[in-house]
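What follows is the residue order along each chain.
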Amino acid sequence: MGSCTSSLFHTSTSIQRCKSRRHLMIQTIRSFKNLGLAHHAYFRSLRQMAASLIVFASGEPLYVSDVVPPLFIQYPVSEELSSHKAIPVGTKQLEKSKDDQEAKSVEVRMAVRHRNLAEIAAAIGESFIKVSDAGEAFLDHVQIRPYKKKSKGLLRMFLSRSRSRKLQDVQYQLEATGIQGSEGQKSHSSTLEKLLAFEKKLYEEVKMRERLKIKLEKKQKYLESQELKYNGIEGSSRQEKKEASMNKLRLAFRIASEEVSNTSSAIIRTRDHELAPQLTKLCNGMLNMWRRMNHFHYTQFLIIQQVGGLVNQSTDEPTTDLHHAATCQLEAAISNWHFTFQQMIKCQRVYIHSLHNWLRLTIVNFNDPSVKLAESLNKWNGVLDQLPDLSVSEAIQRFLHAVHVINVKQAEEVKTKLRVVKYGKKLERKSKHLTKMEKRYYKTYRRDADTRARVDYRDYKDYQLDYERQVNDEKREKERINEKKREIKDWLRKVDEETKRHIKAVSETRKLALNGIKMSLPSVFQAMARVSGLFVEGLESVYRNPESCQTSVTN
């Protein structure tokens with residue numbers, strides 16, 4: 001019987017629903033934290049990309065052909081144009097309206113021409129920095145910051161509480177620790193933490209209510225069975241005790257139900273009056289951020305079109321160690337950019353999905369004010385699911401592969417250069433050794449010939465032995481000199497082969513760098529401009545619904 005009661009308790013629909021809501025809120029808080037970390041990492045990777053790309057491009061002798069026409073790009077007057085060779089060719093007044101308020105801003109149409117890859121990279125890097133600045137401003141505006149330390153005081157309080165303690169005391173302790181929230185704490189993270197604390201409290205209260213409900217039903221059945229057994233012949237005192245026990249259980253059940261109702265009302269108030277406006281603010285801030293990102297990425301796409309006119313004016317300029325290190329740094333920066341972009345989109349999907357599922361479980365009926373908010377989150381979730389971010393990932397991967405191939409080719413070139421230097425030094429040492437051998441040979445054997453001419457040999461046999469010894473020594477020395485000359489000749493051939501191989505490697509590296517940049521780099525910013533534009537369109541359709549939802553809530 002006890003196991004059956006426990007099974008009924010754990011399979012209760014209300015308990016399972018509260019458990020799911022609590023789990024979803026925990027997942028929402030975790031995903032919101034990851035969302036802040038992912039955005040910070042992404043914008044930091046953009047700055048790394050800007051620095052790495054500029055350093056890499058400064059070492060590539062690639063120049064824009066004179067036949068390439070200039071670009072015409074519109075810039076706000078307030079923007080810096082220091083990295084562009086820009087000439088204003090006209091201005092126009094633009095009028096933008098928002099909430100029936102017109103704001104005027106002047107944009108200048110500039111003719112932009114870059115002379116080499118270094119200037120193109122500087123312009124691209126400047127846009128990367130502006131995207132990063134826009135992202136950091138968005139994070140500051142909506143207060144998306146990584147959690148420094150997660151407080152576990154509430155959880156410890158729940159675990160330390162005895163089940164026999166009254167629920168009123170638990171509610172008092174919750175309010176004393178600040179779960180109700182202060183007027184100054186309006187950040188999204190504090191609201192989520194507040195909702196999580198309420199969900200944990202609601203879960204404990206629902207479990208207590210279900211226990212009392214089961215206990216009350218069992219007690220009622222027991223009393224009915226006793227009444228049938230004794231046919232109402234029990235004593236009045238015993239009957240009064242049973243009635244008092246039942247009234248006590250009914251009172252406890254009524255109090256538990258009121259606590260569940262109060263906590264549910266607090267969750268609904270927090271959801272409608274704090275969470276909904278914050279989501280509107282979050283959607284609006286993200287929309288503005290992606291608008292600026294789309295503007296700068298489209299500017300990058302226009303600027304990068306000039307790489308199609310790049311030419312190699314110096315195909316024999318070798319790769320230096322510093323330039324090879326810059327290529328390695330660029331490869332690492334692209335890999336980090338690719339990873340952080342994937343994580344940023346993934347964390348946003350998980351966050352919206354978790355929050356939307358939690359919100360659905362809090363809606364009681366179709367007249368609930370948060371129905372429109374749930375529809376907006378559902379649409380936001382659909383926009384993220386349909387976002388073609390895979391095209392950006394593939395474009396960045398192609399660029400990463402091109403830079404990796406350039407890096408490998410540069411490594412081979414550097415190794416070839418090191419072999420040329422090594423062989424050249426070895427040839428120089430052998431040549432010096434040969435020179436010393438030749439000097440010693442001519443000095444030694446010419447002196448010996450003069451000495452033999454002046455010596456008065458009394459015995460012809462002594463003269464003949466001395467002469468034979470001198471001839472043999474001279475012959476052996478000549479053989480060593482000739483052998484050294486052949487060795488030097490072989491080393492000359494090796495140095496010549498390695499020099500030709502190095503010249504060929506330099507030419508191949510220059511061609512590979514030119515083709516790799518031309519083929520892979522424009523598609524990256526084309527994909528970024530397209531995806532950011534689609535995301536802006538999707539968020540614009542989402543933002544209208546939170547506004548109407550917020551209006552209905554406040555009314």
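Residues numbered from 1 in each chain as written. Predicted model: local features only at pLDDT ≥ 70, side-chain atom pairs only at ≥ 80, totals over all residues. Heavy atoms only, no water.

Points about the packing of aromatic side chains
Phase 1: All told, the structure shown has eight aromatic pairs when counted by the stated rule.
Phase 2: With a centroid separation of 6.3 Å and 40° between ring planes, the pair formed by Tyr298 and Phe301 is classed as tilted. Here Phe301 and Tyr298 lie together in helix α7 (residues 236-304), a separation of three residues that amounts to about one turn.
Phase 3: Classification of Tyr298 as partly exposed rests on a relative accessible area of 45%.
Phase 4: Aromatic ring contacts, followed pair by pair, group Tyr42, Phe43 and Phe341 into a single cluster.
Phase 5: For the cation-ring pair, Arg22 lies above Tyr203, with the distance from its terminal atom to the ring centre recorded as 4.3 Å.
Phase 6: The ring of Trp491 has Lys494 sitting right over it, with the charged end atom 4.4 Å from the ring centre. (Phe/Tyr/Trp six-rings, centres within 6.5 Å; stacked < 30°, edge-to-face > 60°. Helix = DSSP H or I, 4+ residues; strand = E, 2+ residues; numbered from the N terminus. Buried < 20%, exposed > 50% of the residue type's maximum accessible area, 1.4 Å probe, protein only. Lys NZ or Arg CZ within 6 Å of the ring centre and 35° of its normal.)

Focus on the packing of helix α2 (residues 13-58) against helix α8 (residues 321-362)
What describes two packed helices is the angle between their axes and the distance between those same axes.
Phase 1: Packing of α2 against α8 brings their axes to within 6 Å, and their N-to-C directions diverge by 160°. Looking at the two axes, α2 sits roughly antiparallel to α8. For the element pair α2 and α8, the recorded crossing hand is left-handed.
Phase 2: A per-class count over the contact of α2 with α8 returns 25 nonpolar, 19 polar and three charged. (Axes fitted to C-alpha atoms, helices over the stretch in contact; angles between N-to-C directions. Parallel < 35°, antiparallel > 145°, perpendicular 65-115°, else oblique. Left-handed = near helix turned anticlockwise from the far one by under 90°. Nonpolar A, V, L, I, M, F, W, Y, C, P; charged D, E, K, R; others polar.)

Thoughts on empty space enclosed by the protein
In this approach a probe as big as a water molecule rolls over the atoms, and the regions it shows empty are the leftover space.
Phase 1: Throughout the structure, instances matching the rule amount to three cavities of 30 Å³ or more.
Phase 2: A volume near 70 Å³ is recorded for the largest cavity.
Phase 3: Together, Leu53, Phe56, Ala57, Leu117, Ile120, Ala121, Ile124, Ile304, Leu330, Phe399, Ile517 and Leu521 line the largest cavity.
Phase 4: Secondary structure elements with two or more residues in the lining of the largest cavity: α2, α3 (117-142) and α11 (460-554).
Phase 5: Per-element accounting of the lining of the largest cavity gives the leading share, four residues, to α3.
Phase 6: Looking at the lining of the largest cavity residue by residue, the classes come out as twelve nonpolar, no polar and no charged. (1 Å grid on protein atoms, 1.4 Å probe; cavity = no way out; pocket = protein on both sides within 12 Å on 5 of 7 lines; lining within 4 Å. Points joined across faces, edges and corners; volume = space filled by probe spheres on them.)

A closer look at helix α9 (residues 371-386)
Because the α-helix completes a turn every 3.6 residues, residues three or four places apart line up on one side.
Phase 1: Counted at 1.5 Å a residue, the expected span for α9 with its 16 residues is 22 Å, and the 22 Å between its end C-alpha atoms agrees.
Phase 2: All of the buried residues in α9 are Val371, Leu373, Ala374, Ser376, Leu377, Trp380, Asn381, Val383 and Leu384. (Expected span 1.5 Å × (residues − 1).)

Section: the pattern of salt bridges
Phase 1: Under the counting rule described, the total for this entry stands at 21 salt bridges.
Phase 2: Note that Glu498 and Arg501 form a salt bridge whose closest N and O atoms lie 2.5 Å from each other. Taken together, the positions of Glu498 and Arg501, both in helix α11 and three residues apart, correspond to about one turn of that helix.
Phase 3: You can call Glu498 buried: its relative accessible area is 8%.
Phase 4: Judged by relative accessible area, which is 39%, Arg501 ranks as partly exposed. (Salt bridge = Lys/Arg side-chain N within 4 Å of Asp/Glu carboxyl O.)

Some points on the packing of α8 against α9
Phase 1: Their axes nearest at 9 Å, the elements α8 and α9 cross at an angle of 155°. Taken together, the axes of α8 and α9 are roughly antiparallel relative to one another. Here α8 and α9 pass one another in a crossing that is left-handed. The residues of α9 that touch α8, namely those facing Gln348, Arg349, Ile352, His353, Leu355, His356 and Leu359, are Leu373, Ala374, Leu377, Asn378, Trp380, Asn381, Leu384 and Asp385.
Phase 2: Classifying every residue of the contact of α8 with α9 gives eight nonpolar, five polar and two charged. (Contact = heavy atoms within 4.5 Å.)

Things to note about the confidence of the model for the protein
Phase 1: In the predicted model, the protein carries a mean pLDDT of 78, and 74% of its residues have values of at least 70.
Phase 2: Counted against residues more than four places away or in other chains, residues 78-104, with its pLDDT under 50, gives 59 contacts.
Phase 3: Note on residues 147-185: pLDDT is under 50 here. Beyond four places in sequence and across chains, it has 41 contacts. (pLDDT = per-residue confidence, 0-100.)

Observations regarding the environment of Gln397
Phase 1: When you line up the elements, Gln397 lands in helix α10 (residues 389-454).
Phase 2: In the structure, Gln397 is positioned 127 residues away from Val524 in sequence and 9.1 Å away in space, judged by C-alpha atoms.

A few points about the nonpolar core
Phase 1: Within the largest apolar cluster, 100 residues are counted, with the highest numbers of intra-cluster contacts made by Tyr42, Trp290, Leu310, Trp337, Tyr351, Trp358 and Trp380.
Phase 2: Top element by residues in this core is α7. It accounts for 17 residues.
Phase 3: Not counting the four nearest positions on each side in its chain, Trp358 is found in contact with Arg21, Leu24, Met25, Leu195, Glu199, Ile267, Arg271 and Leu275. (Core = buried A, V, L, I, M, F, W, Y, C linked by side-chain atoms within 4.5 Å.)

Quick notes on the side chain of Gln410
Phase 1: If you trace the backbone, Gln410 turns up in helix α10.
Phase 2: One polar contact links Gln410 to Thr327, side chain to side chain, over a distance of 2.7 Å.
Phase 3: If we skip the residues at most four places from it in the chain, Gln410 touches Phe56, Glu60, Thr319, His323, His324, Thr327 and Thr509. (Polar contact = N/O pair within 3.5 Å; in protein donor to acceptor, adjacent residues only side chain to side chain.)

Focus on a positive patch on the surface
Phase 1: Residues Lys422, Lys425, Lys426, Arg429 and Lys494 make up a contiguous surface patch of positive charge.
Phase 2: Top contributing element to the positive patch by residue count: α10, with four residues.
Phase 3: Its location among the elements puts Lys425 in helix α10. (Patch = residues over 30% accessible without salt bridge, like charges linked within 9 Å, V, L, I, M, F, W, Y side chains within 5 Å. Areas by Shrake-Rupley, 256 points an atom, 1.4 Å probe, with all protein chains shown as cover. Lys, Arg positive; Asp, Glu negative; His and termini not counted. Charge placed at Lys NZ, Arg CZ, Asp CG, Glu CD.)

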